[in-house]
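# Summary of the model geometry
Listed here are the chains, written in short residue letters.
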Amino acid sequence: MRVLVQRSKKSSVKVNNIEVGSIDFGLVLLVGFKIGDTEKDIDYLVKKIVNLRIFDDENHIMNKSILDVKGSILSISQFTLYANCKKGNRPSYVNALPAENAKILYDKFNEKLRSYVNTQTGIFQSDMEVSITNSGPVSILLESE
């Protein structure tokens, strides 16, 4: 499981020109699953994400978590995080978890995040238009292994 974490000032997601999720301040998560991922991977990354200290404290040092700053999360499914471009120029997605299985894990992931913090999402397997105002910029790639 991979999650690209981006600190955000304001972000939103649209499907068919209709906004389906938005946050004013917090984290945008681009979330991908690979073959073999389980709920154990979700538990590890949820705990890591909600405790990740990437927000500034009073001294402008990244020392606060999403819980400390009372921010929100915008979670976006992103199977392309498992693109393999080693051979040729066309990415291969053979390591990405098939959609029907990935949706189950993605829904569990968001449910667990919601137990800690307000979490908005896009629509799984939709063509989404994601607008991210990355603060910093801060982007951190987390993996469950």
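Worth saying up front: this structure is predicted, and the values here are computed from it rather than measured.

### Observations regarding a nonpolar patch on the surface
On the surface, a nonpolar cluster with roughly 240 Å² of combined accessible area is contributed by Ile18, Val20 and Ile123. Tracing the sequence through the fold places Val20 in strand E2 (residues 18–23).

### A short note on helix H1 (residues 39–51)
Side chains that are three or four residues apart share a direction in an α-helix, a result of its 3.6 residues per turn. Between its terminal C-alpha atoms H1 stretches 18 Å, which fits the 18 Å expected from 13 residues at 1.5 Å a residue. On its buried side, H1 packs onto strand E1 (2–15), strand E3 (26–32), helix H2 (66–69), strand E6 (72–77), helix H3 (99–114) and strand E8 (128–143).

### Side note on H3
Helix length check: H3 (16 residues) gives 22 Å between terminal C-alpha atoms against 22 Å at 1.5 Å per residue, within 8%. Considered for burial, the residues of H3 that qualify are Ala102, Leu105, Tyr106, Phe109, Asn110 and Leu113. Projected down its long axis, H3 shows its buried positions confined to an angular sector of 135°, all on one face. For H3, exposure combined with an orientation more than 90 degrees from the buried face picks out Glu100 and Glu111. Where H3 is buried, its residues touch E1, E3, H1, E6 and strand E7 (119–121).

### Considering unusual backbone geometry
Between Gly136 and Pro137 the backbone carries a cis peptide bond, its omega angle lying at -5°. You can see Pro137 is positioned in strand E8. Notably, Lys70 is not glycine yet its phi reads approximately 55°, a positive angle. Of note, Lys70 is situated in the loop between H2 and E6. The exposed category is assigned to Lys70, whose relative accessible area is 72%. The backbone of Gln125 sits at a positive phi, close to 65°, despite the residue not being glycine. Turning to its location among the elements, Gln125 is positioned in the loop between E7 and E8. Looking at Gln125, the relative accessible area reads 65%, which means it is exposed.

Parameters and conventions
- Residues numbered from 1 in each chain as written.
- Predicted model: local features only at pLDDT ≥ 70, side-chain atom pairs only at ≥ 80, totals over all residues.
- Heavy atoms only, no water.
- Patch = residues over 30% accessible without salt bridge, like charges linked within 9 Å, V, L, I, M, F, W, Y side chains within 5 Å.
- Areas by Shrake-Rupley, 256 points an atom, 1.4 Å probe, with all protein chains shown as cover.
- Salt bridge = Lys/Arg side-chain N within 4 Å of Asp/Glu carboxyl O.
- Helix = DSSP H or I, 4+ residues; strand = E, 2+ residues; numbered from the N terminus.
- Expected span 1.5 Å × (residues − 1).
- Contact = heavy atoms within 4.5 Å.
- Buried < 20%, exposed > 50% of the residue type's maximum accessible area, 1.4 Å probe, protein only.
- Arc of directions from axis to C-beta.

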